[in-house]
Amino acid sequence: MSEDTHRQGKTIDELSEGDSLTVNESVSDRDVLLYLGMTNDNNPLYIQDEYAKNMDYKAAIVPPVLLTGIITRSVSKLLPGPGSQVVNLSVNFILPVYHEEDVTFTFEVIKVDDMKEVVTLSVTGVNDDNCRIVDAVVMVKPPIKAMLAGNDENESAEVSV
């Protein structure tokens, strides 16, 4: 069992505008093949270099859903972290990403809405040449902490939900 099983991400009270995170990733051929196998997506643009070159790309490209997965995984694991739920996601894919290409994603909290209990993250991805490859806005419901009444009316215990 993972040691993160009972770890909880930051609650809305622990998040502030300007909080940020940087994640570096590279999507391997293996990652693409696993995606293709799981989804039965047989688009040759994702795996055949010659086909992709005939379509004016340098080589086979990474399926956009894999880039989206890196974004949502980073929200789930890191900011706000475990217990978070993505409630809205808008992504703009600017340039293609090629297999084994390094991508750096920068996440920044741009809004904390206490009333709706949602934080909004701005996400920018750049490649090795520092060219923007993706922009995204992610609305996330962070994990919550519930208060349970103790035996005494004046006592309460904080419990993570």
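To keep things clear, this report deals only with the structure shown in the data block. Not measured: the values here are computed from a predicted model. (Residues numbered from 1 in each chain as written. Predicted model: local features only at pLDDT ≥ 70, side-chain atom pairs only at ≥ 80, totals over all residues. Heavy atoms only, no water.)

### Describing the overall build of the protein
Next, step 1: Scanning the protein from terminus to terminus reveals 3 helices and 7 strands.
Next, step 2: Secondary structure elements of the protein, listed N to C terminal, follow the sequence β-α-α-α-β-β-β-β-β-β.
Next, step 3: For the protein, with 161 residues in total, the buried portion stands at 34%.
Next, step 4: When the accessible surface of the protein is summed, it comes to about 9,900 Å², and 47% of that surface belongs to carbon and sulfur atoms. (Helix = DSSP H or I, 4+ residues; strand = E, 2+ residues; numbered from the N terminus. Buried < 20%, exposed > 50% of the residue type's maximum accessible area, 1.4 Å probe, protein only. Areas by Shrake-Rupley, 256 points an atom, 1.4 Å probe, with all protein chains shown as cover.)

### Looking at helix 1 (residues 29–39)
Next, step 1: The complete set of buried residues in helix 1 reads V32, Y35 and L36. Buried residues in helix 1, looked at end-on, bunch into an arc of 95°, giving them a common side. Summarising the geometry of helix 1, the exposed residues directed more than 90 degrees from the buried face are R30, G37 and M38.
Next, step 2: Tucked into the core, helix 1 has its buried residues touching helix 3 (64–77).
Next, step 3: One or two positions beyond helix 1, positive phi appears at N40, with a value near 60°. (Arc of directions from axis to C-beta. Contact = heavy atoms within 4.5 Å.)

### Observations concerning the environment of V119
Next, step 1: When you line up the elements, V119 lands in strand 4 (residues 118–126).
Next, step 2: Classification of V119 by relative accessible area gives buried; the value is 1%.
Next, step 3: Expressed as a C-alpha distance, the spacing of V119 and S16, which sit 103 residues apart in the sequence, is 9.0 Å.

### Let's talk about the side chain of N127
Next, step 1: Considering the arrangement of structural elements, one finds N127 in the loop between strand 4 and strand 5 (132–141).
Next, step 2: Beyond its immediate chain neighbours, meaning those up to four positions away, N127 contacts E101, D102 and I133.

### Observations regarding a negative patch on the surface
Next, step 1: Negative charge collects at one region of the surface, where D29, D49, E100, D102, D128 and D129 lie side by side.
Next, step 2: Along the polypeptide, D102 turns up in strand 3 (residues 102–113).
Next, step 3: Taking the relative accessible area as the measure of exposure, D102 reaches 41% and is therefore partly exposed. (Patch = residues over 30% accessible without salt bridge, like charges linked within 9 Å, V, L, I, M, F, W, Y side chains within 5 Å. Salt bridge = Lys/Arg side-chain N within 4 Å of Asp/Glu carboxyl O. Lys, Arg positive; Asp, Glu negative; His and termini not counted. Charge placed at Lys NZ, Arg CZ, Asp CG, Glu CD.)

### Considerations on the pattern of salt bridges
Side-chain pairs of opposite charge can arise where the charged atoms are in close proximity.
Next, step 1: As enumerated under the stated definition, the model contains 4 salt bridges in all.
Next, step 2: Notably, a salt bridge pairs R132 with D135, separated by 2.7 Å at the nearest N-O pair.

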